[in-house]
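Survey of secondary and tertiary structure
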Amino acid sequence: MGARFEELAWRETPIGEISLRRRRDPALDVDVYEVKLDDEFLMSSAFPVAEIELARLGLAPLSDGALDVVVGGLGLGYTARTALEDPRVRSLIVVEAIEDVIDWHRRDLLPFAAGLAADSRTRFVRADFFAAVASGVGFDPEAPGRRFHAVLLDVDHSPRQVLHPSHADFYTVDGLRRLAALLEPDGVFALWSNDPPDQAFQRTLTEVFPTSVAHVVRFPNPLQGREAANTVYVARH
């Protein structure tokens, strides 16, 4: 491997081979960090706009005051790092199923996420986000059933395109009700999706949450010479 490409980490996991790699993109003239699961690209530092907006849009509806926040899925750290930029955030629990992903951040392999692991408000919890919701135990092993002001989720490609079949139940009315029970009154659930707004899923959200909005987040994709878009759903008690 030359300077233009480097595999920084690799591990076999229960859901496949996960790897972190850095490559020099000649078109963008920047170092691009990418996460792959087997042969599938999960995320790239070239297009972090929607991951950043997940935190901004998810926290925006909340009133002033100290906030306790959960991020489901650590990844490259954009959502968690952006959440910490909000001065209202008092505590941040990051729920990540793969220890190696947590280790990437503890080893400072991702320069744009610098400070995330060292921030005194941050706590990494190695756990299956979906199993934590289904069990009712929740996200804080030290306080079962603890409620939070916001839960920001970025794990699956979309409510219909899940990384593992066990995740699918979360996106049902019953699954979302279990999640809602872990939110404070007026709390927010925000979800990243790679797909356009899904009307069926929006109807499911409205059965659980009084208000919900699907935000279309657009950003340029210079590699394809066109505009791209993701969706951020924001639902509130």
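Residues numbered from 1 in each chain as written. Predicted model: local features only at pLDDT ≥ 70, side-chain atom pairs only at ≥ 80, totals over all residues. Heavy atoms only, no water.

The name given to the protein in an unreviewed UniProt entry is Spermidine synthase, with Micromonospora terminaliae as the source organism.

So, about the sheet that holds strand 3 (residues 30-37). Ordered in space as 1-2-3-4, the four strands form an open sheet in which the pairing is antiparallel. Since the sheet does not close on itself, it has two edges, and those belong to strand 1 (5-13) and strand 4 (40-44), each with one partner. Ignoring which end each strand starts from, the neighbouring axes of this sheet average 20° apart. Of the strand pairs in this sheet, strand 3 and strand 4 are connected by four bridges, and their pairing is antiparallel. (Pairing = 2+ DSSP bridges. Helix = DSSP H or I, 4+ residues; strand = E, 2+ residues; numbered from the N terminus. Axes fitted to C-alpha atoms, helices over the stretch in contact; angles between N-to-C directions.)

This brings us to helix 5 (residues 173-180). The periodicity of an α-helix, 3.6 residues per turn, causes residues three or four places apart in sequence to face the same way. Among all positions of helix 5, only Val 173, Gly 175, Leu 176, Leu 179 and Ala 180 are buried. The buried side chains of helix 5 occupy one side of the element, clustering within an arc of 160° when seen end-on. Where helix 5 is buried, its residues touch helix 4 (129-135), strand 8 (148-153), strand 9 (183-193) and helix 6 (199-208). (Buried < 20%, exposed > 50% of the residue type's maximum accessible area, 1.4 Å probe, protein only. Arc of directions from axis to C-beta. Contact = heavy atoms within 4.5 Å.)

With that settled, the discussion passes to the pairing of strand 9. Most of strand 9 is tucked away, with eight of its 11 residues classed as buried. Judged from the five bridges that link them, strand 8 and strand 9 form a sheet pairing that is parallel. Considered in strand 9, the bridge of Leu 153 is made with Leu 191. Viewed along the sheet, the connection from strand 8 through helix 5 into strand 9 turns out right-handed. (Right-handed = clockwise from strand over helix to strand, strands pointing away.)

To continue, consider the environment of Arg 123. Along the polypeptide, Arg 123 turns up in strand 7 (residues 122-126). According to the relative accessible area criterion, Arg 123 is partly exposed, its value standing at 28%. In this structure the C-alpha to C-alpha distance between Arg 123 and Val 188, which are 65 residues apart in sequence, comes to 20 Å. Filtering out sequence-adjacent residues up to four positions away, Arg 123 remains in contact with Leu 92, Ile 93, Val 94, Asp 140, Pro 141, Glu 142 and Arg 146. A polar atom in the side chain of Arg 123 sits 3.0 Å from the side chain of Asp 140. (Polar contact = N/O pair within 3.5 Å; in protein donor to acceptor, adjacent residues only side chain to side chain.)

The subject of this paragraph is the pattern of salt bridges. Under the counting rule described, the total for this entry stands at 19 salt bridges. The partner of Asp 169 in a salt bridge is Arg 178, and the shortest N-O contact between them spans 2.5 Å. For Asp 169, a relative accessible area of 40% puts it in the partly exposed group. The exposure class of Arg 178 is partly exposed, given its relative accessible area of 30%. Connected through salt bridges with shared partners, the residues Asp 68, Arg 90, Arg 123, Asp 140, Glu 142 and Arg 146 form a single ionic network. (Salt bridge = Lys/Arg side-chain N within 4 Å of Asp/Glu carboxyl O.)

In this section: the nonpolar core. Counting 43 residues, the largest nonpolar core has Leu 20, Val 69, Leu 76, Leu 92, Trp 104 and Leu 152 as its most contacted members. Per-element accounting of this core gives the leading share, five residues, to helix 1 (residues 49-59). Filtering out sequence-adjacent residues up to four positions away, Trp 104 remains in contact with Ala 9, Ile 18, Ser 19, Leu 20, Val 35, Leu 109 and Leu 110. In terms of nonpolar packing, the next biggest core, distinct from the first, is built from 28 residues, Ile 93, Val 133, Leu 191 and Val 208 among them. (Core = buried A, V, L, I, M, F, W, Y, C linked by side-chain atoms within 4.5 Å.)

For the rest of this paragraph, the subject is a negative patch on the surface. Taken together, the side chains of Glu 12, Glu 17, Asp 38, Asp 39 and Glu 40 define an acidic patch exposed on the protein surface. Position of Asp 38 relative to the elements: it lies in the loop between strand 3 and strand 4. On the basis of relative accessible area, Asp 38 is assigned to the partly exposed category, the value being 40%. (Patch = residues over 30% accessible without salt bridge, like charges linked within 9 Å, V, L, I, M, F, W, Y side chains within 5 Å. Areas by Shrake-Rupley, 256 points an atom, 1.4 Å probe, with all protein chains shown as cover. Lys, Arg positive; Asp, Glu negative; His and termini not counted. Charge placed at Lys NZ, Arg CZ, Asp CG, Glu CD.)

Here we take up unusual backbone geometry. The general pattern is negative phi for most residues beyond glycine and trans for most peptide bonds. In this model, Asp 38 sits at a positive phi of 55°, which is unusual for a non-glycine residue. Look at Asp 186: it is not a glycine, yet its phi comes out positive at around 70°. Within the secondary structure layout, Asp 186 lies in strand 9. Take Asp 186: its relative accessible area is 44%, and that puts it in the partly exposed class.

Applying the stated criterion to the full structure yields 14 aromatic pairs. Relative to Phe 170, the ring of Phe 130 has its centre 5.5 Å away and its plane inclined at 80°; by these criteria the two rings are edge-to-face. Placement of Phe 130 in helix 4 and of Phe 170 in the loop between strand 8 and helix 5 is noted, with a sequence separation of 40 residues between them. Among the residues examined, Phe 170 registers a relative accessible area of 4% and is labelled buried. Each ring, one from Phe 130 and one from Tyr 171, has its centre 6.3 Å from the other, and the planes form 50°; the classification is tilted. Pair noted here: Phe 130 is in helix 4 and Tyr 171 is in the loop between strand 8 and helix 5, with a separation of 41 residues, a long-range link. (Phe/Tyr/Trp six-rings, centres within 6.5 Å; stacked < 30°, edge-to-face > 60°.)

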